[in-house]
Amino acid sequence: MSTLKHGLRDYGMTISLVVIMLLFEILTNGALLQPLNLTNLLLQNSYIVVMALGMLLVIVAGYIDLSVGSVCGFIGALAAVLMVQHGWQPVPAVLACLAAGATIGAAQGWLVAYARIPSFIVTLGGMLVFKGLSLALLAGESVGPFPDAFQRLSSGFIPDVFGGGSLHLLSLAAGVGLAVLLVALDLRARGKAIHHHMEVESSTFFALRNAAIVAALVYLCWSLASYKGLPNVLVLMALLMALYHFVAARTTLGRRIYALGGNEKAARLSGIDTRRLSFLTFVNMGALAALAGLVFAARLNTATPKAGQGFELDVIAACFIGGASASGGVGKVIGAVIGAFIMGVMNNGMSILGIGIDYQQVIKGVVLLAAVFVDVYNRNRA
Amino acid sequence: MSDVVPALLEMRGIGKSFPGVQALRDVQLRVRAGEIHAIVGENGAGKSTLMKVLSGVYPAGSYEGEIQFDGAPRRFAGIHDSEQLGIIIIHQELALVPMLSIAENVFLGNEPARAGVIDRYAMHARTRALLARVGLDESPATLVGTLGVAKQQAVEIAKALSKQVRLLILDEPTASLNETESARLLALLRELRSQGIACILISHKLNEITQVADAITVLRDGATIETLDCRAAPVSEDRIVRGMVGRDLTHRYPERHPRIGEVVFEVRDWRVQHEQIPGREVIKGLNLTVRRGEIVGIAGLMGAGRTEFALSLFGHSYGRRISGSVLLDGRTIDVSTVSRAIAAGLAYVTEDRKGSGLVLEDDIVHNVSLANLAAVAPGGVIDAAREHQVAAGYREQLDIRCSGLAQRVGQLSGGNQQKVVLAKWLFTRPRLLILDEPTRGIDVGAKFEIYTLIDRLAADGEGILLISSELPELLGMCDRIYVMCEGRFVAELPARAASQERIMHAIVTAQATAQA
């Protein structure tokens, strides 16, 4: 019973995501999970997810970054200027944009970590600066279209090497392969934990959890395979998710970020260079905001002066819905991703239902408050 | 005789349970008007729970038993109700707003005002009168954040007086005060007593209790063990301890058989300037040695610079323009950053384990490995199994009592939290362990365990530097004691020559010559 309760709390957000998806699936008469819509859903949220990965680390470290939306738009504008107006090739342009994002992150990170200015203020300033700079860079106009090769970043799909007619076999194989790999890794970790007498979840729960993951993955990939296959950006997202989950949960770097946000003084007195670590989380955030800006620009196929506005709110909301604590030290990468998809599914579902943008915002705001309320309530009771 | 003085407060048959725990069982407490009543007990004995019942934090109905105050039964629904009757509690963590003035703090929530506009002149005048009563010579306009802990406490008491306090509850009021400040506070309590204000004093410092208390109630495991009357005949500390732990604690310190070897650690001409005020020297040329297997103490008043010294040694974590050299085994070591200091073999157990020792939200395993992650993370990837094994080893070695290694350290008792901090530093395999107030806020039983552990480490050849404000602790544990005053060592006493009197004498003489 207690493991079930524990499980419910740990997986509360996952369960909420499933419930919300089922709800909209019913309300939209099955439109939500149509292969075409599912593909769109992933594409629409990819840039939010990418930024949420970096934002989670920033929030866990005890900071906030309000500038990511503006940086995202600014980098899109930069990419357009470089590729469309100056004729740069996509690869050098992308690298330059990522470097520019990291530099922006470094500048803000330096102000936060070394000049000790609160991150809220630094990034509020950054938000205004880069919002203005994108306007200036584009001279107030939309710039496009991008070269084909660049567009494929967002709108392309992985090739089908098997040539399997109506079903995209490589996509399906990738899904099954990933599912098998995840189960194998989980089994191995569990075996090791039992061997070392560590506390593990009950075998029933373990089996159920893995069955659910396998079912979800295979269903997703099968569904996508019946349309055009896996989008390139989904592959990118999956790789980044795996990487950031690994870094946060398993490496010394990740552990130190949690300690920094949990108790900065204790972390510093334990030999952790807290300033450098804070600095690096912002550099990383800048680079990811740049990547998200590229993905977004490639998807729209133009850079517009208004691109990226308000993204920071969705990204921050995703982290908090996913269980991150506003006071730092607590939060999971997978939680932030699930939070992003909760927001995404609601956006998408409500749009299909024809709910106006006005009430969409109200509902999203209420969901954010409800999610955090439940989280805080649970934590106080524990 | 004792029945002549009527009871101001009478708590009868108080019981309080939480899911899975019976925190209080049939507790009796009788406080007479105008007496100082001490409540003692080990951590977890139920002292704070009892005070929360009394002050209404746990509202009537959530506990069993009855409370009589001033001759009538009372049922408090919240703190507000108890404050109305003059029951005021001052917590260990003071509840003042640092960026507001003394006057604003004293009248916070209770401002003299007409139509919502604060009458500043009345507020200042009344604050001045209250400050005179508590003997605090500060302007009412002074910001509270600029005051030291002792003065902040006086402000809290002034605040209580402004609310017509009749029963003042002080939770560990002297925990962060030095001897003179503590003495002044106790004198103030006596003064309030003469004005008819009763006081409940919760403290671990038994010597202070025997000085001021009129009666002592001993709690153990959530039950009243006894109430001792100190007016008839003085009660000894040993007598109180017997009640607290339920047996005679003949030795409060382990018996030591030090085998002292060669010098392992040496500091030469260590100078540190104040962090904010350039040019002001806080540490003025200290020289210190620690030998193999030796426990060396540093005594001194609050503000003598002991913690600043330790922090500056440990990775220059305090101060600027630090000069001097640090030697380990005769070789100069680099202590310019914390990670270098750790790598060189230093470890520092902070005086503030919650504020700067532990990540409270995190579990035991992660806290233990934090200062030496590299040892469980080949190539930067943490080996969870190995990390777990390390924590399990220390759990057994130090007898850390917890529901499991995945328990959050914030949920552990003070003594067990301190053991987690010690485990963290032992895992860095230090050559010199600096302990800053290692037993602050820890109960008698857990203290003995920590002392035994320190002794065992010394016996294994570790050098130990022990900073403490409790002189009996230094005298009970150390082989040699440095006495520090205003950034200088003013005396160095071998254990057999040291006594509380000699240490205080050294400090007083140094202060006198400094002023002359």
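Residues numbered from 1 in each chain as written. Chains lettered and ligands numbered in written order. Predicted model: local features only at pLDDT ≥ 70, side-chain atom pairs only at ≥ 80, totals over all residues.

Some details on the overall build of chain B
No. 1: Tallying secondary structure elements over chain B gives 17 helices and 22 strands in all.
No. 2: In terms of overall dimensions, chain B is globule-like: its C-alpha atoms have a radius of gyration of 25 Å, near the 24 Å expected for 516 residues.
No. 3: If one aligns the C-alpha atoms of chain B with their principal axes, the spans along those axes are about 70 × 55 × 50 Å.
No. 4: Residues counted as buried form 45% of the 516 residues belonging to chain B.
No. 5: A separation of at least 24 residues holds for 67% of the contacts in chain B among residues at least 6 apart in sequence. (Helix = DSSP H or I, 4+ residues; strand = E, 2+ residues; numbered from the N terminus. Rg over C-alpha atoms; globule rule 2.2 N^0.38 Å. Buried ≥ 20, exposed ≤ 12 C-beta atoms within 10 Å, placed from the backbone. Contact = placed C-beta atoms within 7 Å.)

Re the overall build of chain A
No. 1: Check the secondary structure of chain A and you find 16 helices and 0 strands.
No. 2: Out of the 382 residues belonging to chain A, those deemed buried represent 46%.
No. 3: For chain A, long-range pairs separated by at least 24 residues make up 79% of all intrachain contacts whose partners lie at least 6 apart in sequence.

Overview of the interface of chain A and chain B
No. 1: With 22 residues of chain A at the contact, the number on the chain B side is 28 residues.
No. 2: Broken down by secondary-structure element, the contributors of at least two residues to the side of chain A that touches chain B are α8 (169-195), α11 (252-262) and α12 (264-269) of chain A.
No. 3: The leading source of residues in the side of chain A that touches chain B is α11 of chain A, at 6 residues.
No. 4: Class assignment for the residues of the side of chain A that touches chain B results in 8 nonpolar, 8 polar and 6 charged. (Nonpolar A, V, L, I, M, F, W, Y, C, P; charged D, E, K, R; others polar.)

Concerning the pairing of strand β18 (residues 346-349) of chain B
If a strand is regular, its side chains alternate between the two faces of the sheet.
Residue and element names in this part refer to chain B.
No. 1: Alternating residues of β18 divide into Leu346 and Tyr348 and Ala347 and Val349, and every residue in both groups is buried.
No. 2: Bridge count for β18 against strand β19 (residues 432-436) is 4 bridges, and the pairing is parallel. Residue pairing across strands places Ala347 opposite Leu433, the latter belonging to β19. (Pairing = 2+ DSSP bridges.)

Notes on the sheet that holds β18 of chain B
All names here are of chain B.
No. 1: Here 6 strands make up an open sheet; going across it, the order is β18-β19-β20-β15-β21-β22 and the pairing mixed. Edge strands, defined here as strands with exactly one partner in the open sheet, are β18 and β22 (488-494). Each neighbouring strand pair of the sheet contributes to a mean axis angle of 20°, computed without reference to strand direction.
No. 2: Taken together, the 5 bridges between β19 and strand β20 (residues 463-467) define a ladder with parallel strand orientation. Looking at the pairing, Leu435 lines up with Leu466 of β20.
No. 3: Its contacts with the sheet place helix α15 (residues 444-459) against β15 (295-300), β19 and β20, and it is angled at close to 145° to β20. (Axes fitted to C-alpha atoms, helices over the stretch in contact; angles between N-to-C directions.)

With respect to the environment of Asp137 of chain B
No. 1: Note on placement: Asp137 of chain B falls in the loop between α4 (120-134) and α5 (149-162).
No. 2: It is 30 Å that separates the C-alpha atoms of Asp137 of chain B and Ile39 of chain B, two residues lying 98 residues apart in sequence.

Overview of the environment of Gly78 of chain B
Residues and elements named next belong to chain B.
No. 1: Checked against the element boundaries, Gly78 lands in the loop between β5 (72-74) and α2 (79-84).
No. 2: The class of Gly78 is partly exposed, set by 13 C-beta atoms lying within 10 Å.
No. 3: Separated by 284 residues in the primary sequence, Gly78 and Asp362 place their C-alpha atoms 32 Å from one another.
No. 4: Leave out the neighbours within four places in its chain, and Gly78 touches Gly56 and Pro59.

Digging into the nonpolar core
No. 1: Residues Met51, Ala52 and Met55 of chain A together with Val483 of chain B are the most contacted members of the largest nonpolar core, which totals 192 residues.
No. 2: Broken down by element, this core gets its largest block of residues, 16 residues, from helix α13 (residues 274-300) of chain A.
No. 3: Ignoring any residue separated from it by four or fewer positions in sequence, one finds Ala52 of chain A in contact with Val315, Ala318, Cys319, Ala336, Val337, Gly339 and Ala340 of chain A.
No. 4: Counting 65 residues, the second largest nonpolar core, distinct from the first, contains Ile36, Leu54, Ile88 and Leu96 of chain B. (Core = buried A, V, L, I, M, F, W, Y, C linked by C-beta atoms within 7 Å.)

Brief notes about the packing of helix α4 (residues 68-85) of chain A against α13 of chain A
Residues and elements named next belong to chain A.
No. 1: Where α4 meets α13, the closest approach of the two axes is 7 Å, and the angle between their N-to-C directions is 55°. Here α4 lies oblique to α13, going by the angle between them. Crossing hand, α4 versus α13: right-handed. Across the interface between the two elements, Val68, Val71, Cys72, Gly73, Ile75, Gly76, Ala79 and Ala80 from α4 touch Met285, Gly286, Ala289, Ala290, Ala292, Gly293, Leu294, Phe296 and Ala297 from α13.
No. 2: Tallied by class, the residues present in the contact of α4 with α13 amount to 13 nonpolar, 4 polar and no charged. (Parallel < 35°, antiparallel > 145°, perpendicular 65-115°, else oblique. Left-handed = near helix turned anticlockwise from the far one by under 90°.)

Focus on the sheet that holds strand β16 (residues 320-328) of chain B
All names here are of chain B.
No. 1: An order of β14-β13-β16-β17 is seen for the 4 strands of this open sheet, with the pairing classed as antiparallel. Looking at the sheet topology across the chains shown, the edges are occupied by β14 (281-291) and β17 (331-332).
No. 2: As paired elements, strand β13 (residues 263-273) and β14 share 8 bridges and run antiparallel to each other. Bridge assignment links Phe265 to a residue of β14, and that residue is Val290.
No. 3: Contacting β13, β14 and β16, helix α9 (residues 306-313) runs over the sheet at an angle of about 70° to β14.

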